[in-house]
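Reading the structure
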4 protein chains.
Amino acid sequence: MKKINVAIVGASGYTGLELVKLLISHPHFNLAYAGTSEGGKNLSDLHPSLLDVTDIKTQKSEPKEIAKTCELAFLALPHKTAMEFAKELLELGVKVVDLSADYRLSLENYEKHYGAHLDKEHLKEAVYGLPELNREKIKKASLVANPGCYPTASILAIAPFAPYIKKNTPIFIDAKSGVSGRGKKITESEHFVNVNENFLTYNALKHRHEPEIAEALASCDITNAVHFVPHLLPLTRGMLVSAYMQINTDINAFDLLTDFYKNEQFVRVRKDAVSLKLTVGTNFCDIFAAQKDDIVFVSSSIDNLLRGASAQAVVNANLMFGLEESAGIPKAAYVP
Amino acid sequence: MKKINVAIVGASGYTGLELVKLLISHPHFNLAYAGTSEGGKNLSDLHPSLLDVTDIKTQKSEPKEIAKTCELAFLALPHKTAMEFAKELLELGVKVVDLSADYRLSLENYEKHYGAHLDKEHLKEAVYGLPELNREKIKKASLVANPGCYPTASILAIAPFAPYIKKNTPIFIDAKSGVSGRGKKITESEHFVNVNENFLTYNALKHRHEPEIAEALASCDITNAVHFVPHLLPLTRGMLVSAYMQINTDINAFDLLTDFYKNEQFVRVRKDAVSLKLTVGTNFCDIFAAQKDDIVFVSSSIDNLLRGASAQAVVNANLMFGLEESAGIPKAAYVP
Amino acid sequence: MKKINVAIVGASGYTGLELVKLLISHPHFNLAYAGTSEGGKNLSDLHPSLLDVTDIKTQKSEPKEIAKTCELAFLALPHKTAMEFAKELLELGVKVVDLSADYRLSLENYEKHYGAHLDKEHLKEAVYGLPELNREKIKKASLVANPGCYPTASILAIAPFAPYIKKNTPIFIDAKSGVSGRGKKITESEHFVNVNENFLTYNALKHRHEPEIAEALASCDITNAVHFVPHLLPLTRGMLVSAYMQINTDINAFDLLTDFYKNEQFVRVRKDAVSLKLTVGTNFCDIFAAQKDDIVFVSSSIDNLLRGASAQAVVNANLMFGLEESAGIPKAAYVP
Amino acid sequence: MKKINVAIVGASGYTGLELVKLLISHPHFNLAYAGTSEGGKNLSDLHPSLLDVTDIKTQKSEPKEIAKTCELAFLALPHKTAMEFAKELLELGVKVVDLSADYRLSLENYEKHYGAHLDKEHLKEAVYGLPELNREKIKKASLVANPGCYPTASILAIAPFAPYIKKNTPIFIDAKSGVSGRGKKITESEHFVNVNENFLTYNALKHRHEPEIAEALASCDITNAVHFVPHLLPLTRGMLVSAYMQINTDINAFDLLTDFYKNEQFVRVRKDAVSLKLTVGTNFCDIFAAQKDDIVFVSSSIDNLLRGASAQAVVNANLMFGLEESAGIPKAAYVP
């Protein structure tokens, strides 16, 4: 079978690197184009781990060039920049999986949190790329908005409880992420000395992933107020989300989760507490729940760069081309 | 001024080591007795960092020997063992600061979570050693139950909100601690490979610190249900507690905290998010709050071995002897 | 092409886990047998990261059973135990890649450092499995002694300089390894608190990998005295070796290394200093050299569990069956 | 006794912070002046850990102002800037402990490695502030050049072997330091993701501490070539140096070290391998040696910010004022 040519726009960051690694070993996709803002380098100059692994050269990102050879483009770009590329690529007939926030929210929420939207046309048709919720829509989509990392872990943990959450009670999400979630930028906050042997809260109750989570939960009929506080873990990779809810019926949380995800190959419901490390390197989302009285505590763990970004993006692309959902998607964690 | 002789019973563990370090440089206490289960070694054999720092020898712990020279004993022992020593020491006229759980709970709660209590007599008169709540009682006490680390951080964060928490709403405490909180024991859970680059939940909704927190909060007129989930951080030292509450009046959380602790020298209310590392090495509890609608998120950070155990114990001892509360208590953190 | 059935004996440790991960995705091998000392469990019970990844069941290791279905066995066992299995398997016609030390040394050196050898017969025919040095012998071997992790990194760094090292000058090897090199055993030395934010020497000048390195170097005509000091890094995975030598001719170390390894796909000669993390997750050995006067400093880095154990073992197995050397061998590192 | 007023010039960096912490609790010094390049802030704005610990305000560094109140100034400044301040302060009669490299080297070596020297006058009279080697000179000095961190650890390890090192054999120093040694600057190299779970060499055989070590060893009659390679450890604080030498007489390295340092209170000769963590938080230098044939391996560990900078600086100041050498100097490590 002839491979399908695909492009990465934004190959220099962490999610770009993960996309490269996934695509160069993918059975059905061929990485035909690796775009960066500058171009003209070897991928192994940007990512020294790729020396002798691939000899692909980067190009200055250019939609028209992409459209000449590629059927789909992954956008690993900052928001705002992403929608400029998406708009042009879609008009040129190239499918898009956008890893930025640009097509994840309703217009209203987007403009409240990120400013003016420049591609309202495509925003309407964008599909939120969480396969467990939207698989059939993704299959038919030209534009998939790849979910944020925190929303992915949060929604997969909470959505199964939709029918049982008490109306008008708040849902609290206490989330913790490794440093790779912040990308390659270098500020005081990413200095080793400030992260190592440390742990801290940031953007408490005002992180921009909160409305994304709320919108997605609303689409599952969960309209409770969602309160979200992220924390920074002193580790490179991985994310764990702890959610607290009040439930109005007698349920067995473990059975409910197990049943909800019985046909899913990338969600594992665990009897023992979730351990972040067991998902790092994979596309799995591990989920665990504990109960007491009318309280359900549910925690979920993902690799923020894979399930929370690049691997989920490739799963979405697999679906958009009618391929096997798990084609080229890693299941073996980095442990030990 | 002649120094007051004091003893440590249980000098071989982490909290024992911290007590040693605090007491050998204390201006008013003299470490006259360092007891272990075996005795007969130099402290620097047990704790190689103490080589050339102190030449105190350990003795096999023996209450009668302690009573001959010491006016107070710090018990850094497992629960159950602690109360056997406390009972005998108190009867011999030695004051006790007990770092175990043995005198922290009501009889009913104790026996529910730990089994039969062997010293009901003294349990009645034990004072819960959180100076910010019980300073005057501690001054007069012969037996102080030194609070657990999670309870210390949790109660200091939540107690100030007592008048404003909505009745019948749950309080959620999402707590995170470094590995030193588990002590020196070596099981699979403390293996470096299992902790490093990892993060996990344990004892979700069933940790034995939950009733301790609930009892202490009840003494502050907070009778809401408390739900507690601890997590293990991949770092050695320090603790951060995140609490979620619903509030029924319009308050300014920062002002309220600042006012509540205005006379306290070991609580710092921070305008910016709490950063665990800033308290490690000290007896400080740092607190930060964020608000949205009727929700208050409050987080607090302590050094689990100092404010969460040994330094708070020495503060209690200072109070019990009418000394300056801060005598010999560290304020300079280990940063960077 | 029909897959070749292979066995792992010792599937419960770290190298066993890595073998499982490599073999379940190998294009030509089929993991037909996973042996442990007990048997009777799912691999995912031993290694929770394998949940929903493989449903292979472990069996109590039994050579005769292995011989029924498998053409080759990987032995991930302690020394001594390994040779008992190897002997029997070889006699039953099963090829063996032994990851222990049992067949790496001359009889004399083995018995000096490990005690009596129980399979002198096969020891004679064992091939030291460092493909860059012994590729042709490995292809014909029935028994391959997979090199130790320190020796792999050390020999690949030093061997290219064979013709130029001054006679009668010592070679110093200052080696540093992550904690996974110690395996799953739990002693004080592996306690998180003792490793984290720490760094230490162990077995200075008396580690059992020293004679292994010396023997392998002697086979490359380097008969200088080798002095080896290992250190423990506060990280899970990876190894970096720094070697110091005196050279007697004017050479360009970078050019020499580049030329020496020009046909090797799993050695990368780097212009910039070696960075441990760039090899973790792969079978690469990265090498860098610096020079001043008659001194050459050369450093090399490998993943101790892959190039230093399991991936090199699979490379050896590939060679033993005439397969493509890189079949199923990972090249994409775990970075970031 | 009236306290002696002292100044810090350069209070915003890591060594500045350590100086602040040492001086605010010093029995005989009073921190009367905390200078930074900007001035006008609270120390706790620069160092949030100092909130409620000290209310000292920083001033824009100005030698004439310092001379009005202070008898000694600690310079925690970049090289070049340091000598501008030192020159002026010394001319105003203020004693100086300079933590930069500006007065550590001979003029020739300085100008080779750092460029033109601007204060040759004082360079001649500067004393190299390693108390174990130069105690009597330090007592009489007006200007002390505080040694670098790598040189401190290296020289203390190697100097005792002076009479026994084989002529014309090289000494190899394989050194490893935590990230705090790089200061607060933020480049790619200090990004958490690039340091964590990583280990690497930098400036191999060309670090500027090499000539400093060689000069100091020459003053101990060790004229062998010194070859120095530093590595970056994935930890915040601490340093371990491994040195390799050839010896020409039959010595017992442990006895020799023990005898050499028998009157020193800040050097500990250890029978077991040095463990970096045991010195962090203190002014100790721990030393361990192993021997085989004519080879001595010696390793030493220090806290790079304390013994390698600020605490050693305060020891020097103690000596310069005839105070007890250990006044205000920490001996209790941060363990666990």
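If you're wondering where the values come from, they're calculated on a predicted model, not measured in any experiment. The residue count restarts for each chain, going from 1 along the sequence in the order it is written. The lettering of chains begins at A and the numbering of ligands begins at 1, in the order of writing. Residues qualify for local features only when their pLDDT is at least 70, as the model is predicted, and side-chain atom pairs are given and counted only at 80 or more; totals for whole chains, interfaces and linings, by contrast, use all residues.

Structural notes on the pairing of strand β8 (residues 171–177) of chain B
Residues and elements named next belong to chain B.
- Buried, partly exposed and exposed are defined by the number of other C-beta atoms within 10 Å of a residue's own C-beta, namely 20 or more, between the two limits, and 12 or fewer respectively, with C-beta atoms placed from the backbone. Only DSSP runs of H or I reaching four residues or more are called helices, and only runs of E reaching two or more are called strands; each is numbered from the N terminus. Along β8, seven of the seven residues are buried, which leaves the element largely enclosed by surrounding structure.
- What you see with β8 is no split at all: Ile171, Ile173, Ala175 and Ser177 on one side and Phe172, Asp174 and Lys176 on the other are buried throughout.
- Only strands that DSSP links by at least two bridges are regarded as paired with each other. Judged from the seven bridges that link them, β8 and strand β10 (residues 226–232) form a sheet pairing that is parallel. The partner of Lys176 across the bridge, within β10, is His231.

Section: the interface of chain A and chain C
- A pair of residues counts as a contact when their C-beta atoms, built from backbone coordinates, are within 7 Å of each other. Facing 20 residues of chain A, the contacting portion of chain C comprises 21 residues.
- Broken down by element, the side of chain A that touches chain C gets its largest block of residues, three residues, from helix α1 (residues 14–24) of chain A.
- For this scheme, ten residues count as nonpolar: Ala, Val, Leu, Ile, Met, Phe, Trp, Tyr, Cys and Pro. Four count as charged, namely Asp, Glu, Lys and Arg, and the remainder, Gly too, count as polar. Each residue belonging to the side of chain A that touches chain C can be placed in one class, and the counts come to eleven nonpolar, four polar and five charged.

Brief notes about the relation of the copies chain A and chain C
- Mapping chain A onto chain C leaves a residual RMSD of 0.0 Å; the transformation is a rotation of 180° accompanied by 0.0 Å of translation along its axis. Taken together, the rotation and translation relating the two chain copies correspond to the operation of a two-fold axis. Taking C-alpha positions as the reference, the residue of chain A nearest the rotation axis is A:Tyr334, at 3.8 Å.
- A share of 100% of the interface residues of chain A reappears at the interface of chain C, consistent with the copies meeting face to face through the same patch. For this overlay, a least-squares fit was computed on C-alpha atoms, restricted to residues scoring pLDDT of at least 70 in both copies.

Comments concerning the sheet that holds strand β10 (residues 226–232) of chain D
Residues and elements named next belong to chain D.
- Strand order in the open sheet made by the seven strands is β9-β10-β8-β11-β14-β13-β12, with mixed pairing throughout. Across the chains shown, the open sheet's two edge strands, defined by having one partner strand only, are β9 (200–201) and β12 (267–269).
- Helix axes use the C-alpha atoms of the stretch in contact, all axes being lines fitted to C-alpha atoms, and the angles between their N-to-C directions lie in the range 0 to 180 degrees. Against the sheet, helix α8 (residues 149–158) contacts β8 (171–177), β10, β11 (239–246), β12, β13 (285–292) and β14 (295–302), and its axis sits at roughly 140° relative to β14.
- Packing of helix α11 (residues 253–260) onto the sheet brings it into contact with β12, β13 and β14, and relative to β13 it is tilted by some 150°.

Digging into the interface of chain A and chain B
- On the chain B side, the residues contacting the 34 residues of chain A number 34 residues.
- Among the elements of the structure, β8 (171–177), β9 (200–201), β10 (226–232), β11 (239–246), β13 (285–292) and β14 (295–302) of chain A are those that each provide at least two residues to the side of chain A that touches chain B.
- Counting residues per element, the side of chain A that touches chain B draws most heavily on β11(A), at four residues.
- Broken down by class, the residue content of the side of chain A that touches chain B amounts to 21 nonpolar, eight polar and five charged.

Regarding the domain arrangement of chain A
All names here are of chain A.
- Domain parsing of chain A yields domain 1 (4–125) and domain 2 (150–304).
- Domain limits in this description derive from either an automatic procedure or a database domain assignment. Placing the centre of domain 1 and that of domain 2 at their C-alpha centroids yields a distance of 27 Å.
- Between domain 1 and domain 2, the residue contacts involve seven residues of the former and seven residues of the latter.
- Tallied by class, the residues present in the side of domain 1 that touches domain 2 amount to two nonpolar, four polar and one charged.

Looking at the nonpolar core
- Here a nonpolar core is just a set of buried residues of the types Ala, Val, Leu, Ile, Met, Phe, Trp, Tyr and Cys, joined wherever their C-beta atoms sit within 7 Å. In this structure, A:Ala73, B:Ala73, C:Ala73 and D:Ala73 are the most contacted members of the largest nonpolar core, which totals 476 residues.
- When near neighbours in sequence (up to four residues on either side) are disregarded, B:Ala73 contacts B:Val6, B:Ala7, B:Val9, B:Ile66, B:Leu89, B:Val94 and B:Val96.

Quick look at unusual backbone geometry
- Cis geometry marks the peptide bond from B:Val335 to B:Pro336; its omega dihedral reads -5°.
- Its location among the elements puts B:Pro336 in the segment after α12 (306–320).
- Look at B:Asn168: it is not a glycine, yet its phi comes out positive at around 65°.
- With respect to the element layout, B:Asn168 can be found in the loop between α8 (149–158) and β8.
- Overall, the presence of 9 C-beta atoms within 10 Å leaves B:Asn168 in the exposed class.
- With a phi close to 65°, D:Leu205 is a non-glycine residue in the positive phi region.
- Looking at the element boundaries, D:Leu205 is found in the loop between β9 and α10 (209–218).

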